[in-house]
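Report on the structure
Each chain, letter by letter, is given below.
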Amino acid sequence: MASDKIPKSILVIDDEENMCHMLTTVLSKAGYAVDSATNGREGIDKLDQQSFAFVLCDIKMPRMGGMDFLKAAGERLKGITVIMMSAYGSIDTAVEAMKLGAYDYISKPFKPDEVLLTLKKADERESLQRENRQLKEKISAIEGDYRFGKMIAQSSSMKPIFHLAKRAAQYDTTVLILGESGTGKELIARGIHFEGKRAGKNFVPVNCGGIPESLLESELFGYKKGAFTGADKDKKGLFQEADGGTIFLDEIGELPLSLQVKLLRVLQESEVRPVGGARADRVDVRVIAATAKDLAAEVELGNFREDLFYRLNVLTIELPPLSDRTEDIHMLCDHFLKRFNGRLKKAVESISPAAMSILLSHDWPGNVRELENTIERAVVLADGPILIPEYFPAAVLKKKDLSLCQSDFEGFSLKAAQKNLEKKMISRALQETGGNRTHAARLLEISHPSLLSKIKRYQIAL
């Protein structure tokens with residue numbers, strides 16, 4: 001039975017008048033809205049006029065039979081469940097029909113109940129598929145809040161960054177990514193490239209501070225045969241390699257002044273002149289730059305060209321240090337545990353509360369890269385399924401009183417460990433500042449509203 005308030009529509013295509021009449025009567029009584037056609041050609045005309053949930057189609061008909069109907073209808077049948085009928089069919093015919101998009105096949109003669117049962121099964125299948133699609137869409141939407149490219153985060157400070165990066169990926173606008181070393185600048189750049197329309201072309205990363213100044217120009221722009229000693233043939237530069245794709249200029253703040261003016265020309269004119277070349281070559285390259293330096297300050301000091309700065313600073317993405325988004329540490333640790341378990345063939349299940357409290361309180365000068373290296377080291381050293389403090393390097397351990405950590409937590413809940421640690425640190429900061437919440441927020445490196453919220457949540461007495 002069709003259970004929806006709005007009757008589901010069925011198109012019956014059969015040249016036998018008695019068959020059409022019988023199916024129309026049975027299906028109408030079952031609650032379906034029925035229309036009919038006497039051949040495949042007429043059926044296609046009906047599909048062009050209105051939408052149907054189901055099609056019941058005979059195979060042998062004049063003008064256009066069922067198989068030809070399936071072929072000719074094509075995209076019109078998208079989202080429609082097609083059931084074929086025939087008194088002359090065989091297994092081969094049924095298989096061929098299903099290859100052409102039919103859901104099922106009924107041999108004539110059949111009882112009315114057989115048709116209704118087949119429609120019910122098809123309806124249940126469509127309902128399950130719809131639920132699966134909705135579930136996948138929900139999961140995708142949830143993951144979308146926490147992921148961009150290969151970068152993951154759940155902190156409130158990273159969500160708008162992911163949103164901005166996703167928007168940037170849809171356009172060819174020059175992007176400048178700012179952030180300390182290890183915050184994930186290249187991951188954001190790769191995400192922008194691979195989620196955009198240039199994803200099928202090259203992504204070419206260049207460390208502007210890692211190539212000697214004497215070689216940097218020829219590396220970026222290429223050279224012609226005979227341009228200098230050893231140039232025995234023409235060589236494409238990195239900009240030419242990135243043609244049609246994206247070039248990522250990491251540590252752009254290290255680019256020598258002599259090359260800054262040439263980079264500016266590339267950005268303005270979309271052309272590069274190889275070393276020793278008589279003419280410039282056109283290139284279609286999206287530029288994403290990144291730096292840990294304060295470029296505005298470098299402009300004031302005369303170390304960076306102002307015009308290049310403004311040309312790069314079209315759309316800026318600033319990544320916060322890991323110390324400003326400790327909410328992400330749990331998620332990052334889980335991510336790195338899974339990665340290194342697979343890579344190192346280990347079976348580490350979790351991190352002890354005492355160890356997690358150390359990770360949460362460390363200031364992470366090396367940011368996410370330092371955390372990643374720390375987890376890898378701990379997984380390598382681990383003898384059991386839980387990471388404990390002794391597996392972490394001295395640089396991470398030295399700022400924390402381990403006996404205090406170990407005595408403060410029971411069980412293995414990471415969330416409980418984080419709450420306990422936050423409450424303790426806030427209480428210490430308030431005590432240190434004599435209850436001055438503004439000063440305490442500065443010590444804790446969180447916003448004043450965030451501090452007030454946590455004081456209320458943890459019921460901290462002032």
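To start, this report covers the structure provided alongside it. (Residues numbered from 1 in each chain as written. Predicted model: local features only at pLDDT ≥ 70, side-chain atom pairs only at ≥ 80, totals over all residues. Heavy atoms only, no water.)

Turning our eyes to something else, we now look at the side chain of Arg198. Following the sequence through the fold, Arg198 ends up in the loop between α7 (185–194) and β9 (203–207). A relative accessible area of 9% means that Arg198 is categorised as buried. Look past the residues within four positions of Arg198 in its chain and what remains in contact with it is Asp172, His193, Gly244, Gly245, Thr246, Asp284, Val285 and Arg286. (Helix = DSSP H or I, 4+ residues; strand = E, 2+ residues; numbered from the N terminus. Buried < 20%, exposed > 50% of the residue type's maximum accessible area, 1.4 Å probe, protein only. Contact = heavy atoms within 4.5 Å.)

An order of β2-β1-β3-β4-β5 is seen for the five strands of this open sheet, with the pairing classed as parallel. Of all the strands in the sheet, just β2 (33–37) and β5 (104–107) have a single pairing partner and so form its edges. Here the strands of the sheet are splayed against their neighbours by 20 degrees on average, with no regard to which way each runs. Alignment of strand β1 (residues 9–13) against strand β3 (residues 54–58), held across four bridges, turns out to be parallel. In the sheet register, Ile10 faces β3, and the bridge partner there is Phe54. The sheet strands contacting helix α2 (residues 40–49) are β1, β2 and β3, and the helix crosses β2 at an angle near 135 degrees. (Pairing = 2+ DSSP bridges. Axes fitted to C-alpha atoms, helices over the stretch in contact; angles between N-to-C directions.)

Given two aromatic rings, their pairing is described by the distance between the two centres and the angle made by the two planes. The tally for this structure, following the rule as stated, stands at eight aromatic pairs. Their ring planes at 50 degrees and their centres at 5.3 Å tell us that Phe309 and Tyr310 sit as a pair that is tilted. In this structure Phe309 comes out as buried when scored by relative accessible area, which is 11%. Taken together, Phe194, Phe203 and Phe248 form an aromatic cluster joined through their ring pairs. In this arrangement the basic side chain of Arg339 is found over the ring face of Phe340, its NZ or CZ atom lying 6.0 Å from the centre. We note Arg457 situated over the ring of Tyr458; from NZ or CZ to the ring centre the distance is 5.5 Å. (Phe/Tyr/Trp six-rings, centres within 6.5 Å; stacked < 30°, edge-to-face > 60°. Lys NZ or Arg CZ within 6 Å of the ring centre and 35° of its normal.)

Mapped onto the elements, Thr433 comes out in the loop between α18 (414–432) and α19 (437–444). On the basis of relative accessible area, Thr433 is assigned to the buried category, the value being 19%. Separated by 3.2 Å, the side chain of Thr433 and the backbone oxygen of Asn436 make a polar contact. With sequence-adjacent residues up to four places away left out, Thr433 is seen in contact with His439, Ala440 and Leu443. (Polar contact = N/O pair within 3.5 Å; in protein donor to acceptor, adjacent residues only side chain to side chain.)

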